[in-house]
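Breakdown of the fold
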Amino acid sequence: MAVLRQIALLGNPVLRTPAKAVAFPLSDEVRALIEDMAATMREADGVGIAAPQVHQSLAIFIVAPRPNPRYPDAVEQPPIVAINPEILERSPEKVAGWEGCLSIPGLRGEVPRHRRILARYRDPRGAEVVREFEGFAARVFQHEDDHLRGVVFLDRMESLRGLACEREYARRVAEGSPGVVNARPSS
Ligand code: ZN
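Here's what I pulled together on the structure shown here. (Residues numbered from 1 in each chain as written. Predicted model: local features only at pLDDT ≥ 70, side-chain atom pairs only at ≥ 80, totals over all residues. Heavy atoms only, no water.)

**Topic: the sheet that holds strand β7 (residues 128–134)**
So the rule is basically this: Two strands are counted as paired when DSSP detects at least two bridges linking them. Strands are runs of DSSP state E lasting at least 2 residues, helices are runs of H or I lasting at least 4, and numbering of each runs from the N terminus. Where helices are involved, their axes are fitted lines through C-alpha atoms of the stretch in contact, as for all axes, and angles between N-to-C directions lie from 0 to 180°. Contacts are assigned to residue pairs that have any heavy atoms within 4.5 Å of one another.
In space, the 5 strands of this open sheet follow the order β1-β2-β3-β6-β7, with antiparallel pairing throughout. Single-partner strands in this sheet number two, and they are β1 (48–50) and β7. With direction set aside, neighbouring strand axes in the sheet form an average angle of 40°. Note: strand β2 (residues 60–63) against strand β3 (residues 80–90), 4 bridges, orientation antiparallel. For Phe61, the partnering residue across the bridge sits in β3 and is Ala82. Strands β1, β2 and β3 of the sheet are contacted by helix α1 (residues 28–43), whose axis makes an angle of about 35° with β2. Set on the sheet, helix α2 (residues 135–147) makes contact with β1, β2, β3, β6 (116–122) and β7; between it and β2 the angle comes to about 160°.

This is the structure:
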């Protein structure tokens, strides 16, 4: 039975600590952690979550794009659990898009990300996966991968002028006039 975990908030050192690689086969504790991460992410309307965000400094994250109140325009894709991930290739082209973070509540920021990436990771059974991600899924993957390296989306912003309070962001999107380069998650 999955348990909701407490989410680490910006300022907590765990969010600035590089995560440790995970050993296979997974321990019962790590299996339970992954289930709890998925439940915690769903409860908070997240489209991804990394283990350091629930106070576990381990190289695990979930990418699960789906429409929800926080990301109404996200395109649903089967969730993936990435363990010990590595981004092998990044497209030279970057796209700006809005991101939020469960560890930074109430804020949205416009963040440039590589449009396409090639990533390698292990799934929970230990199988190696090499896979390409594009658009919004690539954005979420890069955001979560950053969490494993102690980096948050604020660090990736070109200017803090691209920062907005979530309520104002939602109001502007609802009006269809976000007034910025790319108001909706690219997908
Ligand atoms: Zn985050």
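**Quick word on the coordination of the zinc ion**
Let me state the cut-off plainly: Only nitrogen, oxygen and sulfur atoms within 2.8 Å of the metal, or 3.2 Å for Na, K and Ca, are treated as donors, and water is left out, so sites may look incomplete.
Summarising the metal site, the zinc ion is bound by the protein donors Cys101 (SG), His143 (NE2) and His147 (NE2), whose distances to it range over 2.0 to 2.3 Å. For the zinc ion, the donor residues sit on a single chain with the sequence spacing C-x41-H-x3-H. Linking His143 with His147, this pair stays in helix α2, spanning 4 residues, or about one helical turn.

**Points about unusual backbone geometry**
For the record, the criterion: In this scheme, a residue with accessible area under 20% of its type's maximum is buried, one over 50% is exposed, and one in between is partly exposed, where area comes from a 1.4 Å probe on protein chains only.
Cis geometry is adopted by the peptide bond preceding Pro25, which originates at Phe24 and carries an omega value of -5°. By the element assignment, Pro25 lies in the segment before α1. With a phi close to 60°, Asp45 is a non-glycine residue in the positive phi region. Residue position: Asp45 is located in the loop between α1 and β1. Note on Asp45: relative accessible area 22%, which makes it partly exposed. Of note, His55 is a non-glycine position whose phi angle comes to about 70°, a positive value. According to the relative accessible area criterion, His55 is partly exposed, its value standing at 34%.

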